[in-house]
2 protein chains.
Amino acid sequence: MKSDKISEAVVRRLPVYLRYLNELHKREVATVSSQELGQRLDLNPAQIRKDLAYFGDFGRKGIGYDVIYLIEKIRQILKLDQQINVVLVGAGNLGHALSNYNAFLKDNMKIVAVFDAHTAKVGTRINNLTVLPMEELSDTIQKLSIRIGIITVPDIEAQNVADMLVAAGIEAILNFAPVILKAPSHIRIHTADFTTDLQSLAYYLDNGKEEMNNDTAEAGH
Amino acid sequence: MKSDKISEAVVRRLPVYLRYLNELHKREVATVSSQELGQRLDLNPAQIRKDLAYFGDFGRKGIGYDVIYLIEKIRQILKLDQQINVVLVGAGNLGHALSNYNAFLKDNMKIVAVFDAHTAKVGTRINNLTVLPMEELSDTIQKLSIRIGIITVPDIEAQNVADMLVAAGIEAILNFAPVILKAPSHIRIHTADFTTDLQSLAYYLDNGKEEMNNDTAEAGH
DNA sequence: TAGATTGTTAATCGATTAACAATC
DNA sequence: TAGATTGTTAATCGATTAACAATC
């Protein structure tokens, strides 16, 4: 296939493929079919073939996909064949948690600087990084060629931080504040919102299950 | 409208509406139109009207939606008119971060118990909760009528924890481990995966911008 | 050669958006 | 009455899935 506009849905599946392919590679599996992938990832095999075919002819008819080759190709597509530097703004609990995820972020993404607006936080250490004051944000982003920003500040501060990141030349933002950020259209923004996730889960709870537990069905309740 | 099968996309927008409506309410705005909502939330007004109309006739022609009434209705739809108890498994950094989000989770969702498999963690305090050992998981879920589980354990343990949660009668899971969990189909699972989020952001980075910064274009680099 | 599996086209399905009569 | 805005139908758009010729 090649060309055509690639939809966001397709792009968001690529990291999922990559993760499982890495696992297969670790297990020394050499080749995988779209059917196997689909089974494991709960996706339609045709969809997987189509997704991959947007970017090139990576498979071999009758054989499947070479695991190592496909890993290499997907990493290229996702631009993970180069190191991508990431800045984290907000050194609270969530910021701490994410900076530890560097383990997961192995695939060439690295948090290289942490910032916080509160003087109490500045100078403390997160993993092997010293928390810096916001005044140094712009300079640091430029000096370290940081391209992605993660926002883990309280929601009232999020838009302000986003503006600073954009002004400093960041290209994409992963936002954990429950807020809809405004930014120029060339800035890619993804908002990860636990609140929304949890509340929509609640919708699927099964009501009409008001049976009593026998062991608590005593008088006095 | 009413009836029809409600798609997940619709359900996932409801909490977004709710959040903004709460904000309007705090600002003492009495009424809002689908157009205003759409503008603020980056959504098509027709879509918002349609979403809401799945559940009832909440608006008034020529006027718009009564903010307080619509908040009440959406909370009912999402089952947030009753307290929903949540259990958190995994008392690491991310678990800590989430338990603080209780502030955000105000709308009747509450983390009422925290568990961890590591004896070092058991007995420590997270916010106002004592971390409990896994042996007590099932009993606690039953005693406290816990309906939703949040998984913040390392990925190798995630499936195991999910199985335990399911066995204990949980109805929905919010999973933060980068793993595709298997569970019976009546269990609702949502996986929130930072790795995937970040890697798909990388795709949108603009390559072909290798212009030199003037201020660093010196010899010796 | 027979079996497996891709890449791709065509068919289907579902979600978004436009348009407008109803009505406050 | 004139203006605004809903709820809903019809039109559009886009994404998923089925089917199959090509070919390893």
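This one's a predicted model, so the numbers in the text were calculated from it and none came from an experiment.

Attention shifts here to the relation of the copies chain A and chain B. Note on the copies: chain A fits chain B at an RMSD of 0.0 Å, the axial shift is 0.0 Å, and the rotation between them is 180°. Expressed as a symmetry operation, the mapping of one chain copy onto the other fits a two-fold axis. Of the residues that chain A buries at the interface, 100% are likewise interface residues in chain B, meaning the two copies contact each other through the same surface.

Turning next to the sheet that holds strand β3 (residues 64-66) of chain A. Residues and elements named next belong to chain A. If you trace the 3 strands from one edge of the open sheet to the other, you get β1-β3-β2, paired in antiparallel fashion. Lying at the two open borders of the sheet, with one neighbouring strand each, are β1 (31-32) and β2 (59-60). As defined by bridge partners, β2 adjoins β3 across 2 bridges and the pair is classed as antiparallel. Paired with glycine 59 across the two strands is tyrosine 65, which belongs to β3.

Glancing now at the UniProt feature "binding site: NAD(+)" (unreviewed entry) in chain A. Residue and element names in this part refer to chain A. Here, the residues flagged by UniProt with the feature "binding site: NAD(+)" (unreviewed entry) are Gly90, Ala91, Gly92, Asn93, Leu94 and Gly95. In this structure, glycine 90 sits in the loop between β4 (84-89) and α5 (93-100). If we ignore the near neighbours within four places in the chain, the residues touching glycine 90 are Gly95, Phe115, Asp116, Thr152 and Val153. For alanine 91, a relative accessible area of 2% corresponds to the buried category. Aside from chain neighbours lying at most four places away, what touches alanine 91 is His96, Val114, Phe115, Asp116, Lys121, Ile126 and Val131.

Between the first and last C-alpha of helix α1 (residues 8-26) of chain B there are 28 Å, a value that for 19 residues agrees with the 27 Å anticipated at 1.5 Å per step. Within α1 of chain B the residues assigned to the buried category are Val10, Val11, Arg13, Leu14, Pro15, Val16, Tyr17, Leu18, Tyr20, Leu21, Asn22 and Leu24 of chain B. Looking at the buried side of α1 of chain B, the elements it contacts are α8 (194-203) of chain A together with β1 (31-32), α2 (34-41), α3 (45-53) and α4 (67-77) of chain B. Phi turns positive, to about 60°, at glutamate 28 of chain B, one or two residues after α1 of chain B.

This part takes up the interface of chain A and chain B. In this complex, chain A contributes 64 residues to the contact, which on the side of chain B involves 64 residues. Carbon and sulfur atoms make up 63% of the area that chain A and chain B hide from each other, which totals about 6200 Å². Here chain A is connected to chain B by 6 salt bridges. Of the charged contacts, one joins aspartate 197 of chain A and arginine 12 of chain B as a salt bridge, the two residues approaching to 2.7 Å between their closest N and O atoms. At the boundary of chain A and chain B, one finds 16 residue pairs in polar contact (both at pLDDT 80 or more).

Rules used in this analysis
- Position numbers for residues count from 1 along each chain, tracking the sequence in the order it is written.
- Labels are handed out in written order, letters beginning with A for the chains and numbers beginning with 1 for the ligands.
- Reporting of local features is limited, given that this is a predicted model, to residues whose pLDDT is at least 70; pairs of side-chain atoms are given and counted only at 80 or more, and all residues count toward the totals for whole chains, interfaces and linings.
- Heavy atoms throughout the structure, all of them, feed into the side-chain values; hydrogens and water do not.
- The copies are overlaid by a least-squares fit using only the C-alpha atoms of residues whose pLDDT is at least 70 in both copies.
- We call two residues in contact when some of their heavy atoms are within 4.5 Å.
- Two strands are counted as paired when DSSP detects at least two bridges linking them.
- The helix and strand labels rest on DSSP assignments: H or I over at least four residues marks a helix, E over at least two residues marks a strand, and numbering proceeds from the N terminus.
- UniProt positions are given in the numbering used here, feature names are shortened, and annotations may be inferred rather than shown by experiment.
- Working definition: with a 1.4 Å probe on protein chains only, accessible area under 20% of the residue-type maximum means buried, over 50% means exposed, and in between means partly exposed.
- For a helix, the expected span equals 1.5 Å multiplied by the residue count minus one.
- The buried area of a pairing is the accessible area, by a 1.4 Å probe, that goes missing from both parts when the two are put together, added over both.
- We define a salt bridge as a contact between a side-chain nitrogen of Lys or Arg and a carboxyl oxygen of Asp or Glu at a distance within 4 Å.
- Pairs of N or O atoms are called polar contacts if they sit within 3.5 Å, as long as, within protein, a hydrogen donor faces a hydrogen acceptor (for residues adjacent in sequence, only side-chain-to-side-chain pairs).

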